[in-house]
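Residues per chain, in single letters:
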Amino acid sequence: MSRRCSAVAVGLSISLVTASGAAAATRTADATGPAAQAPENLGTVISEADAHEHAGRYADAARRYADAYAMTSNSNQYRGTDVALQTVLASAKAYRSAFDASDDDYTFAVESKALLDAVVAEWTAMGQPVPDAIRKELEWAEARIAEKPPDPVVVPPTEPEPEPEPEPASEPEPEPEPQIEAEPEPEPEPEPDHSRRDVGIALTGLGLASTIGGIVSVAVGVPVRGAAQDYRTEVLQSPQFTALSARDQDTATSALQTYVETETRRGVILMGVGGAAIGVGVTGIVVGSIILARSGRRSAPGARARLSPRVAMGRGSATMGLRLRF
(Lines give C-alpha, C1' and ligand atoms only; values in the text may rest on other atoms or scores of the structure.)
Protein backbone atom coordinates (compact mmCIF):
# COMPACT_ATOMS: atom_id res chain seq x y z
CA MET A 1 0.00 0.00 0.00
CA SER A 2 2.90 2.41 0.72
CA ARG A 3 4.15 1.97 -2.83
CA ARG A 4 0.65 2.63 -4.11
CA CYS A 5 0.34 5.76 -2.00
CA SER A 6 3.83 6.93 -3.09
CA ALA A 7 2.84 6.45 -6.70
CA VAL A 8 -0.26 8.52 -6.03
CA ALA A 9 1.91 11.26 -4.50
CA VAL A 10 4.33 11.27 -7.44
CA GLY A 11 1.46 11.39 -9.92
CA LEU A 12 -0.11 14.21 -8.00
CA SER A 13 3.19 16.12 -7.96
CA ILE A 14 3.57 15.86 -11.76
CA SER A 15 -0.02 17.01 -12.24
CA LEU A 16 0.53 19.85 -9.84
CA VAL A 17 3.67 21.08 -11.66
CA THR A 18 1.85 20.98 -15.03
CA ALA A 19 -1.12 22.79 -13.61
CA SER A 20 1.14 25.45 -12.03
CA GLY A 21 2.93 26.13 -15.36
CA ALA A 22 -0.36 26.53 -17.21
CA ALA A 23 -1.72 28.79 -14.50
CA ALA A 24 1.43 31.00 -14.54
CA ALA A 25 1.01 31.73 -18.25
CA THR A 26 -2.56 32.98 -17.87
CA ARG A 27 -2.62 34.67 -14.49
CA THR A 28 -1.72 38.31 -13.93
CA ALA A 29 1.20 39.36 -11.79
CA ASP A 30 -0.94 40.19 -8.75
CA ALA A 31 -3.14 37.01 -8.84
CA THR A 32 -2.47 35.52 -5.41
CA GLY A 33 -4.66 33.82 -2.82
CA PRO A 34 -5.84 30.39 -1.48
CA ALA A 35 -6.56 29.01 -4.96
CA ALA A 36 -2.89 29.39 -5.93
CA GLN A 37 -1.84 27.31 -2.88
CA ALA A 38 -4.31 24.40 -3.42
CA PRO A 39 -1.95 22.09 -5.39
CA GLU A 40 0.82 22.48 -2.82
CA ASN A 41 -1.61 21.75 0.06
CA LEU A 42 -2.89 18.58 -1.68
CA GLY A 43 0.64 17.27 -2.10
CA THR A 44 1.41 17.98 1.56
CA VAL A 45 -1.68 16.08 2.77
CA ILE A 46 -0.85 13.07 0.58
CA SER A 47 2.75 13.08 1.87
CA GLU A 48 1.49 13.08 5.46
CA ALA A 49 -0.87 10.18 4.71
CA ASP A 50 1.98 8.28 3.08
CA ALA A 51 4.15 8.84 6.15
CA HIS A 52 1.41 7.52 8.46
CA GLU A 53 1.03 4.43 6.29
CA HIS A 54 4.78 3.70 6.35
CA ALA A 55 4.76 4.01 10.17
CA GLY A 56 1.87 1.51 10.52
CA ARG A 57 -0.63 4.15 11.59
CA TYR A 58 -3.25 2.93 9.14
CA ALA A 59 -6.22 4.73 10.66
CA ASP A 60 -4.44 8.12 10.48
CA ALA A 61 -3.32 7.35 6.94
CA ALA A 62 -6.86 6.45 5.83
CA ARG A 63 -8.29 9.66 7.27
CA ARG A 64 -5.58 11.87 5.71
CA TYR A 65 -6.16 10.21 2.33
CA ALA A 66 -9.85 10.98 2.81
CA ASP A 67 -8.95 14.62 3.52
CA ALA A 68 -6.92 14.68 0.30
CA TYR A 69 -9.90 13.32 -1.64
CA ALA A 70 -12.08 16.06 -0.15
CA MET A 71 -9.59 18.63 -1.46
CA THR A 72 -9.83 17.13 -4.96
CA SER A 73 -13.63 17.37 -4.79
CA ASN A 74 -13.33 21.11 -4.11
CA SER A 75 -10.90 21.62 -6.99
CA ASN A 76 -12.06 22.00 -10.58
CA GLN A 77 -8.64 20.75 -11.70
CA TYR A 78 -8.74 17.37 -9.88
CA ARG A 79 -12.43 16.56 -9.41
CA GLY A 80 -13.26 13.25 -11.11
CA THR A 81 -9.68 12.67 -12.30
CA ASP A 82 -7.37 9.71 -11.83
CA VAL A 83 -5.71 11.61 -8.97
CA ALA A 84 -9.02 11.67 -7.07
CA LEU A 85 -9.61 7.99 -7.86
CA GLN A 86 -6.18 6.89 -6.62
CA THR A 87 -6.58 9.00 -3.46
CA VAL A 88 -9.90 7.47 -2.47
CA LEU A 89 -8.67 3.95 -3.23
CA ALA A 90 -5.60 4.57 -1.05
CA SER A 91 -7.95 5.66 1.78
CA ALA A 92 -10.17 2.56 1.38
CA LYS A 93 -7.18 0.19 1.41
CA ALA A 94 -5.74 1.95 4.47
CA TYR A 95 -9.09 1.39 6.20
CA ARG A 96 -8.77 -2.31 5.36
CA SER A 97 -5.31 -2.45 6.95
CA ALA A 98 -6.55 -0.60 10.03
CA PHE A 99 -9.47 -3.08 10.33
CA ASP A 100 -7.12 -6.08 10.17
CA ALA A 101 -4.56 -4.57 12.57
CA SER A 102 -7.21 -3.65 15.17
CA ASP A 103 -8.63 -7.17 15.47
CA ASP A 104 -11.84 -6.35 13.58
CA ASP A 105 -12.73 -2.84 14.75
CA TYR A 106 -15.91 -2.29 12.73
CA THR A 107 -15.61 1.49 13.09
CA PHE A 108 -13.10 1.51 10.21
CA ALA A 109 -15.53 -0.40 7.98
CA VAL A 110 -18.27 2.13 8.78
CA GLU A 111 -15.98 5.10 7.98
CA SER A 112 -14.82 3.48 4.73
CA LYS A 113 -18.42 2.88 3.62
CA ALA A 114 -19.39 6.50 4.38
CA LEU A 115 -16.46 7.76 2.24
CA LEU A 116 -17.22 5.41 -0.65
CA ASP A 117 -20.95 6.24 -0.59
CA ALA A 118 -20.06 9.93 -0.95
CA VAL A 119 -17.68 9.15 -3.85
CA VAL A 120 -20.35 7.11 -5.68
CA ALA A 121 -22.91 9.90 -5.22
CA GLU A 122 -20.45 12.56 -6.44
CA TRP A 123 -19.31 10.64 -9.51
CA THR A 124 -22.89 9.75 -10.40
CA ALA A 125 -23.92 13.43 -10.14
CA MET A 126 -21.06 14.37 -12.52
CA GLY A 127 -22.31 11.78 -15.03
CA GLN A 128 -19.14 9.69 -14.80
CA PRO A 129 -19.21 5.89 -14.47
CA VAL A 130 -18.20 4.61 -11.07
CA PRO A 131 -15.00 2.51 -11.41
CA ASP A 132 -15.17 -1.19 -10.48
CA ALA A 133 -12.35 -0.72 -7.96
CA ILE A 134 -14.53 1.63 -5.89
CA ARG A 135 -17.49 -0.76 -6.06
CA LYS A 136 -15.29 -3.65 -4.85
CA GLU A 137 -14.07 -1.60 -1.89
CA LEU A 138 -17.69 -0.66 -1.11
CA GLU A 139 -18.72 -4.32 -1.20
CA TRP A 140 -15.94 -5.18 1.26
CA ALA A 141 -17.08 -2.46 3.69
CA GLU A 142 -20.71 -3.56 3.47
CA ALA A 143 -19.75 -7.21 4.04
CA ARG A 144 -17.76 -6.31 7.16
CA ILE A 145 -20.62 -4.21 8.54
CA ALA A 146 -23.02 -7.13 7.97
CA GLU A 147 -20.73 -9.34 10.07
CA LYS A 148 -20.78 -6.86 12.97
CA PRO A 149 -22.26 -8.48 16.11
CA PRO A 150 -25.09 -6.61 17.83
CA ASP A 151 -24.11 -4.10 20.47
CA PRO A 152 -24.48 -5.42 24.02
CA VAL A 153 -27.51 -4.23 25.91
CA VAL A 154 -26.48 -2.09 28.84
CA VAL A 155 -28.72 -2.71 31.82
CA PRO A 156 -28.80 0.29 34.14
CA PRO A 157 -27.94 -0.54 37.72
CA THR A 158 -30.93 -0.91 39.94
CA GLU A 159 -31.17 1.45 42.83
CA PRO A 160 -31.49 -0.18 46.23
CA GLU A 161 -34.93 0.02 47.68
CA PRO A 162 -35.26 2.40 50.59
CA GLU A 163 -35.52 0.76 53.92
CA PRO A 164 -38.96 1.05 55.47
CA GLU A 165 -39.27 3.63 58.17
CA PRO A 166 -39.81 2.21 61.63
CA GLU A 167 -43.39 2.34 62.73
CA PRO A 168 -44.12 4.56 65.69
CA ALA A 169 -44.59 2.78 68.97
CA SER A 170 -48.24 2.00 69.50
CA GLU A 171 -49.93 3.24 72.61
CA PRO A 172 -51.04 0.60 75.09
CA GLU A 173 -54.59 -0.49 74.50
CA PRO A 174 -57.04 0.30 77.28
CA GLU A 175 -58.21 -2.60 79.35
CA PRO A 176 -61.60 -3.90 78.23
CA GLU A 177 -64.51 -3.07 80.47
CA PRO A 178 -66.17 -6.02 82.13
CA GLN A 179 -69.25 -7.13 80.25
CA ILE A 180 -72.29 -8.71 81.78
CA GLU A 181 -73.46 -11.70 79.79
CA ALA A 182 -77.17 -11.72 79.15
CA GLU A 183 -79.12 -14.91 79.45
CA PRO A 184 -79.77 -16.48 76.06
CA GLU A 185 -83.31 -16.30 74.88
CA PRO A 186 -84.98 -19.64 74.19
CA GLU A 187 -84.96 -20.55 70.53
CA PRO A 188 -88.38 -20.61 68.89
CA GLU A 189 -89.73 -23.98 67.99
CA PRO A 190 -89.23 -24.77 64.31
CA GLU A 191 -92.27 -24.58 62.18
CA PRO A 192 -93.09 -27.63 60.09
CA ASP A 193 -91.42 -27.42 56.67
CA HIS A 194 -94.20 -28.27 54.27
CA SER A 195 -92.10 -27.52 51.18
CA ARG A 196 -89.51 -30.18 52.05
CA ARG A 197 -92.26 -32.67 52.73
CA ASP A 198 -93.83 -31.94 49.34
CA VAL A 199 -90.43 -32.45 47.66
CA GLY A 200 -90.00 -35.76 49.48
CA ILE A 201 -93.42 -36.97 48.42
CA ALA A 202 -92.78 -35.96 44.80
CA LEU A 203 -89.39 -37.69 44.69
CA THR A 204 -90.78 -40.82 46.25
CA GLY A 205 -93.70 -40.95 43.81
CA LEU A 206 -91.52 -40.33 40.76
CA GLY A 207 -88.98 -42.87 41.97
CA LEU A 208 -91.70 -45.48 42.43
CA ALA A 209 -93.10 -44.81 38.93
CA SER A 210 -89.61 -45.00 37.37
CA THR A 211 -88.88 -48.25 39.20
CA ILE A 212 -92.12 -49.84 38.06
CA GLY A 213 -91.48 -48.75 34.47
CA GLY A 214 -87.97 -50.16 34.64
CA ILE A 215 -89.24 -53.49 35.99
CA VAL A 216 -91.76 -53.69 33.15
CA SER A 217 -89.07 -52.91 30.58
CA VAL A 218 -86.76 -55.59 31.98
CA ALA A 219 -89.61 -58.09 32.13
CA VAL A 220 -90.40 -57.44 28.45
CA GLY A 221 -86.75 -57.52 27.32
CA VAL A 222 -85.72 -60.77 29.08
CA PRO A 223 -87.89 -63.24 27.09
CA VAL A 224 -87.39 -61.52 23.70
CA ARG A 225 -84.25 -63.45 22.80
CA GLY A 226 -85.66 -66.77 23.98
CA ALA A 227 -88.81 -66.24 21.93
CA ALA A 228 -86.73 -65.47 18.83
CA GLN A 229 -84.61 -68.59 19.33
CA ASP A 230 -87.74 -70.74 19.76
CA TYR A 231 -89.24 -69.29 16.60
CA ARG A 232 -86.03 -70.00 14.66
CA THR A 233 -85.94 -73.61 15.91
CA GLU A 234 -89.61 -74.10 15.08
CA VAL A 235 -89.14 -72.84 11.52
CA LEU A 236 -86.04 -74.95 10.90
CA GLN A 237 -87.90 -78.09 12.01
CA SER A 238 -91.07 -77.38 10.06
CA PRO A 239 -91.99 -79.48 6.97
CA GLN A 240 -92.19 -76.34 4.85
CA PHE A 241 -88.49 -75.58 5.54
CA THR A 242 -87.47 -79.17 4.83
CA ALA A 243 -89.25 -79.08 1.48
CA LEU A 244 -87.17 -76.11 0.31
CA SER A 245 -84.14 -76.47 -1.91
CA ALA A 246 -80.63 -76.17 -0.43
CA ARG A 247 -80.24 -72.65 -1.78
CA ASP A 248 -83.58 -71.52 -0.37
CA GLN A 249 -82.76 -73.14 2.96
CA ASP A 250 -79.54 -71.13 3.16
CA THR A 251 -81.43 -67.94 2.39
CA ALA A 252 -84.09 -68.74 5.00
CA THR A 253 -81.47 -69.66 7.60
CA SER A 254 -79.63 -66.33 7.03
CA ALA A 255 -82.89 -64.41 7.38
CA LEU A 256 -83.75 -66.28 10.58
CA GLN A 257 -80.30 -65.57 12.01
CA THR A 258 -80.71 -61.84 11.23
CA TYR A 259 -84.11 -61.89 12.94
CA VAL A 260 -82.68 -63.56 16.06
CA GLU A 261 -79.84 -61.00 16.26
CA THR A 262 -82.21 -58.08 15.84
CA GLU A 263 -84.54 -59.38 18.54
CA THR A 264 -81.57 -60.06 20.83
CA ARG A 265 -80.38 -56.42 20.47
CA ARG A 266 -83.90 -55.19 21.15
CA GLY A 267 -84.07 -57.30 24.29
CA VAL A 268 -80.69 -56.02 25.50
CA ILE A 269 -81.77 -52.40 24.89
CA LEU A 270 -85.00 -52.95 26.81
CA MET A 271 -83.14 -54.53 29.72
CA GLY A 272 -80.55 -51.72 29.74
CA VAL A 273 -83.22 -49.02 29.74
CA GLY A 274 -85.16 -50.86 32.39
CA GLY A 275 -82.10 -51.26 34.60
CA ALA A 276 -81.30 -47.55 34.32
CA ALA A 277 -84.90 -46.63 35.15
CA ILE A 278 -84.82 -48.93 38.18
CA GLY A 279 -81.59 -47.30 39.38
CA VAL A 280 -83.01 -43.79 38.99
CA GLY A 281 -86.27 -44.80 40.61
CA VAL A 282 -84.62 -46.44 43.64
CA THR A 283 -82.45 -43.34 44.10
CA GLY A 284 -85.52 -41.09 43.99
CA ILE A 285 -87.33 -43.30 46.51
CA VAL A 286 -84.39 -43.32 48.90
CA VAL A 287 -83.81 -39.55 48.68
CA GLY A 288 -87.52 -38.79 48.99
CA SER A 289 -87.83 -41.10 52.01
CA ILE A 290 -84.90 -39.35 53.73
CA ILE A 291 -86.49 -35.93 53.09
CA LEU A 292 -89.84 -37.14 54.43
CA ALA A 293 -88.21 -38.58 57.52
CA ARG A 294 -86.28 -35.39 58.27
CA SER A 295 -89.25 -33.13 57.70
CA GLY A 296 -91.29 -35.35 60.03
CA ARG A 297 -88.66 -35.04 62.76
CA ARG A 298 -88.64 -31.26 62.51
CA SER A 299 -92.42 -30.97 62.73
CA ALA A 300 -92.76 -33.50 65.57
CA PRO A 301 -89.52 -34.07 67.50
CA GLY A 302 -91.00 -36.90 69.52
CA ALA A 303 -92.21 -38.88 66.54
CA ARG A 304 -90.18 -40.84 64.00
CA ALA A 305 -91.27 -42.04 60.61
CA ARG A 306 -89.23 -44.37 58.44
CA LEU A 307 -89.99 -45.26 54.85
CA SER A 308 -87.70 -47.99 53.49
CA PRO A 309 -87.89 -49.51 49.99
CA ARG A 310 -87.67 -53.22 49.35
CA VAL A 311 -86.49 -54.55 45.99
CA ALA A 312 -86.21 -58.26 45.18
CA MET A 313 -84.64 -59.34 41.87
CA GLY A 314 -85.05 -62.90 40.64
CA ARG A 315 -84.46 -64.78 37.42
CA GLY A 316 -86.98 -63.40 35.01
CA SER A 317 -88.80 -61.40 37.70
CA ALA A 318 -88.41 -58.35 39.95
CA THR A 319 -90.45 -57.25 42.97
CA MET A 320 -90.63 -53.70 44.42
CA GLY A 321 -92.18 -52.73 47.77
CA LEU A 322 -92.20 -49.97 50.38
CA ARG A 323 -92.33 -50.26 54.16
CA LEU A 324 -93.31 -47.26 56.32
CA ARG A 325 -92.68 -47.32 60.07
CA PHE A 326 -94.08 -44.84 62.62
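Everything here concerns the structure above.
To start, this report covers the structure provided alongside it. Throughout this document, residue positions are counted from 1 along each chain, in the order its sequence is written. For this predicted model, a pLDDT threshold of at least 70 governs which residues receive local features, and a threshold of 80 or more governs which side-chain atom pairs are given and counted, while totals over whole chains, interfaces and linings are taken from all residues. Remark: hydrogens and water are excluded; side-chain values derive from all non-hydrogen atoms of the structure.

Focus: a negative patch on the surface
Then, number 1: A contiguous patch of negative charge, built from D100, D103, D104 and D105, is present on the exposed surface.
Then, number 2: On the secondary structure map, D100 appears in helix α4 (residues 82-101). What goes into a patch is any residue over 30% in relative accessible area without a salt bridge, connected to like charges within 9 Å or, for nonpolar side chains (Val, Leu, Ile, Met, Phe, Trp, Tyr), within 5 Å. A 1.4 Å probe and the Shrake-Rupley method give the accessible areas. Residues count as covered only by the protein chains that appear here. Every case where a carboxyl oxygen of Asp or Glu lies within 4 Å of a side-chain nitrogen of Lys or Arg is listed as a salt bridge. His is not counted, nor are the chain ends, whereas Lys and Arg count as positive and Asp and Glu as negative. The location of each charge is read from NZ of Lys, CZ of Arg, CG of Asp or CD of Glu. Counting from the N terminus, the helices are the DSSP runs of H or I reaching at least four residues and the strands are the DSSP runs of E reaching at least two.

Some thoughts on α4
Working note: α-helix, 3.6 residues per turn, so residues spaced by three or four point in the same direction.
Then, number 1: Multiply 1.5 Å by the residue count of a helix minus one, and that product is the helix's expected span. Taking 1.5 Å of rise per residue, the 20 residues of α4 would be expected to cover 28 Å, and the 28 Å separating its terminal C-alpha atoms lies within 8% of that figure.
Then, number 2: Accessible area is worked out with a 1.4 Å probe on protein chains only. A residue is then buried under 20% of its type maximum, exposed over 50%, and partly exposed in between. Burial analysis of α4 places 14 of its 20 residues in the buried class, which makes it a mostly covered element.

Description of the side chain of S112
Then, number 1: Tracing the backbone shows S112 in helix α5 (residues 106-125).
Then, number 2: For S112, a relative accessible area of 1% translates into the label buried.
Then, number 3: Apart from the residues within four sequence positions on either side, S112 is in contact with A92, Y95 and A141. The contact criterion used throughout is that any non-hydrogen atoms of two residues lie within 4.5 Å.

Observations concerning unusual backbone geometry
Then, number 1: The phi angle at D103 is positive, at roughly 60°, despite the residue not being glycine.
Then, number 2: Relative to the helices and strands, D103 is located in the loop between α4 and α5.
Then, number 3: Here D103 falls in the exposed class, since its relative accessible area comes to 66%.

Side note on the packing of α4 against helix α6 (residues 132-146)
Helix packing for two helices is described by the angle between their axes and how far apart those axes are.
Then, number 1: Two numbers describe how α4 lies on α6: the axes approach to 10 Å, and their chain directions differ by 25°. On the basis of the axis angle, α4 is roughly parallel to α6. Regarding α4 and α6, the two cross each other, and that crossing is left-handed. Here α4 contributes L85, V88, L89, A92, K93, Y95, R96 and F99 to the contact with α6, which in turn contributes A133, I134, K136, E137, W140 and R144.
Then, number 2: Taken together, the residues of the contact of α4 with α6 break down into nine nonpolar, no polar and five charged. Simply put, an axis is a line fit to the C-alpha atoms, just over the touching stretch for a helix, and the angle between two N-to-C directions goes from 0 to 180 degrees. Any angle that falls under 35 degrees is termed roughly parallel, while one over 145 is termed roughly antiparallel, one within 65 to 115 roughly perpendicular, and all others oblique. Left-handed describes a crossing whose near helix is turned anticlockwise from the far helix by less than a right angle; the clockwise case is right-handed. Side-chain classes follow a simple rule in which Ala, Val, Leu, Ile, Met, Phe, Trp, Tyr, Cys and Pro form the nonpolar group, Asp, Glu, Lys and Arg form the charged group, and the remainder, Gly included, forms the polar group.

Let's talk about the nonpolar core
Then, number 1: The term nonpolar core refers to a set of buried residues drawn from Ala, Val, Leu, Ile, Met, Phe, Trp, Tyr and Cys, joined through side-chain atoms within 4.5 Å. If you look at the biggest cluster of nonpolar residues, it comprises 35 residues, and the most contacted ones within it are Y65, Y69, V88, L115, V119 and I134.
Then, number 2: Sorting the residues of this core by element identifies α2 (34-54), α3 (58-73), α4, α5 and α6 as the ones contributing at least two each.
Then, number 3: At 11 residues, α4 tops the list of elements feeding residues into this core.
Then, number 4: For L115, the residues in contact, after removing those within four places along its chain, are A66, Y69, V88, S91 and Y95.

Description of the pattern of salt bridges
For side chains of opposite charge, pairing can occur when their charged atoms come near one another.
Then, number 1: Considering all chains together, one arrives at seven salt bridges under this definition.
Then, number 2: Note that D67 is salt-bridged to R64, the shortest N-O span being 3.0 Å. Of this pair, D67 and R64 both sit in helix α3, three residues apart, which is roughly one turn of the helix.
Then, number 3: On the accessibility criterion, R64 (24% relative accessible area) is partly exposed.

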